[in-house]
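Examining the three-dimensional arrangement
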Amino acid sequence: MTLKRLNEVMRNPKLYAQTKAIYSYLYVRADHKTNLAYPPKKQMLEEIRLTEPLFMQGIAVLENQGYIKTGTAEGTNKETKETYTYTTYQLLD
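Residues numbered from 1 in each chain as written. Predicted model: local features only at pLDDT ≥ 70, side-chain atom pairs only at ≥ 80, totals over all residues. Heavy atoms only, no water.

**A look at the nonpolar core**
Rule in force here: Definition of nonpolar core: a set of buried residues of the types Ala, Val, Leu, Ile, Met, Phe, Trp, Tyr and Cys, connected through side-chain atoms within 4.5 Å. Exposure is judged per residue with a 1.4 Å probe applied to protein chains only, and the accessible area is read against the type maximum: over 50% gives exposed, under 20% gives buried, and values in between give partly exposed. Helix and strand assignments follow DSSP, with helices taken as H or I runs no shorter than four residues and strands as E runs no shorter than two, numbered in order from the N terminus. Contact criterion: two residues are considered in contact whenever any of their non-hydrogen atoms come within 4.5 Å of each other.
The biggest cluster of nonpolar side chains holds 21 residues, and the ones touching the most others in it are I22, Y23, L26 and I68. For this core, the element with the highest residue contribution is helix α2 (residues 17-29), accounting for 5 residues. Apart from residues no more than four positions distant in its own chain, Y23 is found in contact with R5, L6, V9, L62, Y67, I68 and L91.

**A closer look at the environment of Y38**
With respect to the element layout, Y38 can be found in the loop between β1 (36-37) and α3 (41-48). When the C-alpha positions of Y38 and K69 are compared, they lie 12 Å apart, and in sequence the two are 31 residues distant.

**Focus: the packing of α2 against helix α4 (residues 52-64)**
Heads up, the rule is: The axes used here are C-alpha line fits, helices contributing only the stretch in contact, and every angle between their N-to-C directions lies in the interval 0 to 180 degrees. The labels follow the angle: roughly parallel below 35 degrees, roughly antiparallel above 145, roughly perpendicular from 65 to 115, and oblique for the rest. Amino acids outside the nonpolar list (Ala, Val, Leu, Ile, Met, Phe, Trp, Tyr, Cys, Pro) and the charged list (Asp, Glu, Lys, Arg) are all regarded as polar, and Gly is one of them.
Two elements in contact, α2 and α4, have axes separated by 9 Å at closest approach and are oriented at 75°. In this view, α2 runs roughly perpendicular relative to α4, as classed from their interaxial angle. Contacts between α2 and α4 involve Q18, T19, I22, Y23 and L26 from the former and L54, F55, G58, I59, V61 and L62 from the latter. Considered class by class, the residues forming the contact of α2 with α4 number 8 nonpolar, 3 polar and no charged.

**Quick look at the pattern of salt bridges**
Our working definition: In what follows, salt bridge is the name for a side-chain nitrogen of Lys or Arg lying within 4 Å of a carboxyl oxygen of Asp or Glu.
Under the criterion given, the structure shown has 2 salt bridges. The salt bridge involving E8 is made with R5; its shortest N-O contact spans 3.4 Å. On the criterion of helical spacing, the pair formed by E8 and R5 is a turn pair, its members being 3 residues apart in helix α1 (residues 3-10).

**Regarding the environment of K33**
Positionally, K33 belongs in the loop between α2 and β1. A relative accessible area of 81% means that K33 is categorised as exposed. Along the backbone, K33 and E74 are 41 residues apart, and their C-alpha atoms lie at a distance of 19 Å.

**Here we look at the pairing of strand β3 (residues 83-91)**
Which entries qualify depends on this criterion: For two strands to be treated as a pair, DSSP must find at least two bridges joining them.
As paired strands, β1 and β3 are joined by 2 bridges and run antiparallel to one another. Considered in β3, the bridge of L36 is made with Q90. Between strand β2 (residues 68-76) and β3, which pair antiparallel one after the other, the connecting turn spans 6 residues, and K81 there sits at a positive phi close to 65°.

Okay, here's the thing in structure tokens:
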């Protein structure tokens with residue numbers, strides 16, 4: 001995940017503005033050592049101000065273009081000790 005890759009995404013004329021906004025959001029939220037971002041989808045929808053269908057379409061485009069790879073991981077609630085699953089977004093170079 002490099003600034004060069006961010007520039008490539010932002011200058012890609014085939015991508016819609018909402019898709020570029022999603023990538024930029026993930027870029028800013030990513031751990032730059034692991035290239036992983038894992039913000040909650042609800043939070044992204046609110047902060048980027050997108051509908052869920054537009055968000056899902058943008059994620060699919062970013063995956064198909066080889067810019068990101070989605071996955072899942074498990075966490076443990078510190079208070080209840082229950083496990084939960086969350087979505088991860090790996091930014092690819």
